[in-house]
Amino acid sequence: MKVGKIGIKALVLVLIMFYALAAIAWVTGVEAPEEEEFELGEVTIEDNGTELAISIDEVSEYVTEKIEDAMGSVPEDMEMFVSGAYRATLLGISEVWEGEVPSRDDIKIVSSLPEPASALCFQYITGTGPSMENLRAENGVFEIVLQDGTLVENTSVQHLYELSKNITADDWKFEISSISTGESFVVEVKGDVFPEDFFGLREKVVFGQTASEKEGQEFTWEWSDINDGFQGFEDYEIFEGLEEPAPDSATIVALIAVILAIVILALII
Amino acid sequence: MMKFKLGSAYFAILGVITLAFGGLEVVTGLPGIEGLSTGALEIPPDLWRGIIIFFAGAFITAGAFKLRDIHGLGMSTFGSIMLWIIAGCDIFTRIMESIPNGAGGLNSLEGFLATYGPPYSPALFLLPFSLVIFYFIKEVEK
């Protein structure tokens with residue numbers, strides 16, 4: 001049998017199957033199940049026996065207030081840092097405590113990112129932030145240790161803001177650990193989450209004051225996209241070392257069977 | 001002889017309908033105009049697609065009046081092929097969209113079937129009707 005004829009028959013079969021499927025779908029009115037969208041959960045911890053569900057809005061509000069107090073205004077990309085730190089905390093807690101609610105005084109976070117908004121986010125969760133005396137009964141530990149191993153002792157907003165001038169994608173590493181068990185998990189943001197020119201552009205727009213209007217706009221788009229990713233993408237899409245859920249093997253087998261059936265039918269007819 | 005007269009009428013009607021749908025796609029493809037949708041039919045707002053379908057209709061209609069002649073039949077066949085290319089792209093798109101679920105995995109059975117559901121583009125409605133051209137190709141071959 002000529003290959004060309006088999007090809008035509010396979011094409012005819014595909015057409016027949018397409019219209020048969022279209023007729024079934026039309027007549028039955030079948031609708032696609034709604035896609036499960038990622039939902040940004042709350043960081044749940046226990047503070048002296050009381051369960052607290054900390055939302056990103058609550059953290060954002062605190063961070064904004066503290067940065068405004070210290071600097072008079074808020075850098076435009078602050079939200080992105082809060083989202084990244086918040087997501088890292090969510091992942092770290094779920095990996096270390098595996099569904100259990102951790103006690104606030106058992107949480108230790110070591111950040112490699114010398115930046116005020118992310119630091120305040122971690123400080124709020126560990127209860128180590130400024131003016132948190134009335135908001136917590138106990139506190140965990142938060143430290144900033146740079147990539148070269150230097151401990152940043154001055155965690156004031158102004159100082160961290162100055163240090164954040166030279167940050168890169170490699171600095172987005174956070175170690176979340178349980179003080180009691182010593183178990184820890186390093187959350188590392190994937191490098192490709194950030195556009196290639198992002199940190200250069202950030203330095204120019206946020207610190208240099210020499211950026212053109214176009215560059216300013218581009219920076220706004222870029223950090224907004226990153227922020228959307230932090231708030232809406234699955235963990236494996238933004239963090240290193242996590243595997244994408246494997247496709248259902250039964251569906252793959254079914255798909256291969258359908259393709260084989262088309263070829264065999266084309267050979268028989 | 002009668003077959004060809006009926007065939008001419010059939011392809012003239014098919015050509016005019018194709019031409020009209022092509023025209024509509026061109027109009028909806030113009031800036032500021034939205035796509036049309038009625039029942040299971042959806043006219044996608046795509047200017048270039050519309051131009052191809054419009055000319056497919058024009059060729060089918062022009063060839064329909066001299067279907068017995070090889071040139072007329074060729075013209076209608078050419079118009080039909082243009083239509084098949086557009087419909088083929090639509091079919092290919094649907095097949096490809098029916099396999100993944102949009103979240104990195106494979107689609108569920110419901111999601112797979114729903115991909116083949118309405119709305120359909122005019123090209124998908126017209127494709128089966130245009131396949132009649134094969135009958136006349138065989139007839140002329142005889």
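Residues numbered from 1 in each chain as written. Chains lettered and ligands numbered in written order. Predicted model: local features only at pLDDT ≥ 70, side-chain atom pairs only at ≥ 80, totals over all residues. Heavy atoms only, no water.

A. Up close: the sheet that holds strand 4 (residues 141-144) of chain A. Residue and element names in this part refer to chain A. One open sheet holds the four strands; their spatial order is 4-3-5-6, and the pairing between them is mixed. Taken across any chain shown, the strands that pair with only one partner, and hence form the sheet edges, are strand 4 and strand 6 (184-188). Averaged over neighbouring strand pairs, the angle between their axes works out to 15° when direction is ignored. Here four bridges tie strand 3 (residues 107-111) to strand 4, and the two strands are oriented parallel to one another. Bridged to S111 within strand 4 is I144. Sitting on the sheet, helix 3 (residues 78-97) touches strand 3, strand 5 (173-178) and strand 6, and the angle it makes with strand 5 is about 35°. (Pairing = 2+ DSSP bridges. Helix = DSSP H or I, 4+ residues; strand = E, 2+ residues; numbered from the N terminus. Axes fitted to C-alpha atoms, helices over the stretch in contact; angles between N-to-C directions. Contact = heavy atoms within 4.5 Å.)

B. The pattern of salt bridges, seen in detail. Residue and element names in this part refer to chain A. Using the criterion set out here, one finds eight salt bridges over all chains in the structure. Measuring nitrogen to oxygen at the nearest pair gives 2.8 Å for the salt bridge that ties R202 to D77. Pair noted here: R202 is in helix 6 (residues 198-208) and D77 is in the loop between helix 2 (56-71) and helix 3, with a separation of 125 residues, a long-range link. Pair check on accessibility: R202 and D77 agree, each one buried. (Salt bridge = Lys/Arg side-chain N within 4 Å of Asp/Glu carboxyl O. Buried < 20%, exposed > 50% of the residue type's maximum accessible area, 1.4 Å probe, protein only.)

C. Spatial organisation of the nonpolar core. Counting residues in each nonpolar core, the largest one holds 59 residues, and the members touching the most others are V63, W172, F194 and F230 of chain A. Judged by nonpolar contacts, the second largest core, of 33 residues, contains F11, L14, L83 and F136 of chain B. (Core = buried A, V, L, I, M, F, W, Y, C linked by side-chain atoms within 4.5 Å.)

D. View of the environment of F59 of chain B. Residues and elements named next belong to chain B. With respect to the helices, strands and loops of the structure, F59 is situated in helix 2 (residues 47-64). Given a relative accessible area of 27%, F59 falls into the partly exposed group. Each C-alpha atom of the pair F59 and S80 lies 8.2 Å from the other, and the pair is 21 residues apart in sequence. Setting aside its immediate chain neighbours within four residues, F59 contacts M75, S76, F78, G79 and M82.

E. Quick peek at the packing of aromatic side chains. All names here are of chain A. Using the criterion set out here, one finds 25 aromatic pairs over all chains in the structure. Between the aromatic rings of W172 and F230, the centroid separation amounts to 5.6 Å while the plane-to-plane angle is 25°, which identifies the pairing as stacked. You can see W172 sitting in the loop between helix 5 (157-163) and strand 5 and its partner F230 sitting in helix 7 (residues 213-232), a full 58 residues away along the chain. Here W172 matches F230 in class, with each residue buried. Centre to centre, the rings of F198 and F199 are 5.1 Å apart; their planes meet at 80°, and the pair counts as edge-to-face. Three or more aromatic residues joined by ring pairs form one cluster here, namely F81, F122, F142, W172, F174, F194, F198, F199, F219 and F230. (Phe/Tyr/Trp six-rings, centres within 6.5 Å; stacked < 30°, edge-to-face > 60°.)

F. Quick look at unusual backbone geometry. Residue P119 of chain B is reached from P118 of chain B by a cis peptide bond, and omega for that bond is 5°. As for its placement among the helices and strands, P119 of chain B is situated in the loop between helix 4 (109-115) and helix 5 (122-130). Phi is positive for N48 of chain A, which is not a glycine, with a value near 55°. You can see N48 of chain A is positioned in the loop between strand 1 (43-47) and strand 2 (50-54). Non-glycine residue S131 of chain A carries a positive phi angle of around 55°. Structurally, S131 of chain A can be placed in the loop between helix 4 (116-126) and strand 4.

G. Region of the structure containing the environment of F38 of chain A. All names here are of chain A. Inspection of the secondary structure assignment puts F38 in the loop between helix 1 (3-28) and strand 1. Given the relative accessible area of 23%, F38 is considered partly exposed. It is 9.5 Å that separates the C-alpha atoms of F38 and D235, two residues lying 197 residues apart in sequence.

H. Local environment of helix 1 (residues 2-29) of chain B. All names here are of chain B. For helix 1, with 28 residues, the first-to-last C-alpha span of 40 Å sits near the 40 Å given by 1.5 Å per residue. Of the positions making up helix 1, those classed as buried are F4, G7, S8, F11, A12, L14, G15, T18, F21, G22, E25 and T28. Those residues of helix 1 that are buried lie in contact with strand 1 (36-38), strand 2 (41-43), helix 2, helix 3 (70-98), helix 5 and helix 6 (133-141). (Expected span 1.5 Å × (residues − 1).)

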